[in-house]
Amino acid sequence: MDLKNLPIVMNLFTDIGKIEASRWDFCAGQDNPFVSHGFLSALESSGSVTAERGWQPCHLFLETEDGRPLAATPLYLKSHSYGEYVFDWGWARAMEQAGRPYYPKLQCAVPFTPATGPRLLVPEIYQEQNRKTLQQTLLNGMLQIMQEQKASSLHITFPTVQEWKDLAQPGIMQRTGLQYHWQNRDYSDFGDFLNDLSSRKRKAIRKERKAAQASCSDIRWLRGSEITPEIWARFYSFYLSTVDKKFAYAYLTPDFFEKLGQLMGDRVLLSTAWQQDELVAAALNLEGQTTLYGRYWGCKTELSHLHFELCYYQAIDHAIEKGLSTVEAGAQGDHKLQRGYLPTETYSLHAIADPGLRRAVEFSLRDENRAIKAEIDALLELSPFKRDIP
C-alpha cells in the first residue's frame, strides 16, 4: 500500500478503552510491553492516569478512510511535570518567572515509565517511506494539538534512538539522558557472566547473592496467572512502602497491578522472596521480545542485599535463561554499574512554542548533551568488566 496519495484520517481519543485493543496493538507491535493497549489501559481503567491526576489522555490514531489502522501514539495533556523522569522543572520555572504559563503541555510518553521504546507506533509491515510519512503525520498532529490547546510545549520522552534521529528537524530539539542497562553477550549462565568481570567484582557479587539467598527460605519467579489477587495486594503494600521511604508520591492506585496482571498475562513477572509461606519482597518486571524491563520493587523489612538479588541478579538470570538481549532496570542508580549494568544513553525530543524559552533551551542542551556523553565515558572507565571486554 502506497500512502503517498492516500487520504489519512486522524482521530483523537480521550479514553484508550474506546480504541479496540487489536487495532492499537497492530500499530504497537509485540516487542515493547509498555506501549501495548493492555498496559496503557491498565493505567487508565485503574484511575492511575486521569485528567484529575494531571494526565488527560488524547491519543492519536491514524486510519484509512475505510477504517484500516495505520499508526498511533500515546499522548497526554499535562498540568504538571511529575511522573516523567525527563526533568523540565527549570524550563517551567523560567516561564513562570517571565509571567507566562508552562502548563498545559503535551507529553508523548508512557506514564510513570522511564523505559526506552517506540513512541510513534507504526506497524513493521510498512516500508521506510510509508513509515516516515506516518511518523511525520503523527508529529504534525501533535504539534497541531499543541497549538489548539495553547500548550507551551511537546515532549516525546524515551523514544528509540532511531525515532530520536528521524524526528529531529527545525523546531524539534534533541536531548539525551543516562540509564544503566545490562547486555547479554551470549552467556550460558550467570557464572559465564561473572567470568567477564574482574576478580574483585566477581567475589563481591557472589558474596551479595549468598547473603541475599540466606535471608529467605525461597526465591522464585511468578508469571501471569500465578500472581494471585492476594499476591498483588501484598505487592501493592510493598510499592507503598518504597514510595514512603523515598518521600515520593504513589502514582499508581491499588487496582493497577491486578488489572495489569489481567490484561498483560504472561508478559508480567514477579521475582519474589519468601520466608516459609510469607511473601517478604518482590520486584515487578515486564517482558518484551528482546528485553526484560524492571519496574517496581518493595519489601516487608530490609534484608541483606535482597534488593540487588531480586532486581538485578535474578533479572540477569532470567534474561540469560530466556535468551533476552537486554535488562533495563529502571531510572537512575549508579550502584548498578558495579553489578554489570553499564551507562547507556536515553533520548527525548522537545518542541517549545515560546521563542525566548526555545532559544534558551537550545543553548543549554548543547552543553547538557555534551556533559552526558562525557559522563558516560567517565563511568565506563569504572566498568566492572575485564579491560579486554568491550
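Now for a look at the structure at hand. (Residues numbered from 1 in each chain as written. Predicted model: local features only at pLDDT ≥ 70, side-chain atom pairs only at ≥ 80, totals over all residues. Heavy atoms only, no water.)

### Some details on the side chain of Lys105
One can find Lys105 in strand β6 (residues 105–108). The exposure class of Lys105 is buried, given its relative accessible area of 0%. Only 2.7 Å separates the side chain of Lys105 from the side chain of Asp88, close enough to count as a polar contact. Once residues lying within four places of it in the same chain are set aside, the contact partners of Lys105 are Tyr76, Leu77, Lys78, His80, Ser81, Glu84, Asp88, Ala151, Ser152, Ser153 and His155. (Helix = DSSP H or I, 4+ residues; strand = E, 2+ residues; numbered from the N terminus. Buried < 20%, exposed > 50% of the residue type's maximum accessible area, 1.4 Å probe, protein only. Polar contact = N/O pair within 3.5 Å; in protein donor to acceptor, adjacent residues only side chain to side chain. Contact = heavy atoms within 4.5 Å.)

### Here's the deal with empty space enclosed by the protein
Counted by the stated rule, this structure contains two cavities of 30 Å³ or more. The space that makes up the largest cavity amounts to roughly 50 Å³. What lines the largest cavity is a set of 14 residues, and nearest its centre among them are Glu84, Ala109, Val110, Thr113 and Thr157. A per-class count over the lining of the largest cavity returns eight nonpolar, four polar and two charged. If you add up the space inside the second largest cavity, you get close to 30 Å³. Among the elements that take part in the lining of the second largest cavity, strand β12 (residues 291–299) stands out by supplying three residues, more than any other. (1 Å grid on protein atoms, 1.4 Å probe; cavity = no way out; pocket = protein on both sides within 12 Å on 5 of 7 lines; lining within 4 Å. Points joined across faces, edges and corners; volume = space filled by probe spheres on them. Nonpolar A, V, L, I, M, F, W, Y, C, P; charged D, E, K, R; others polar.)

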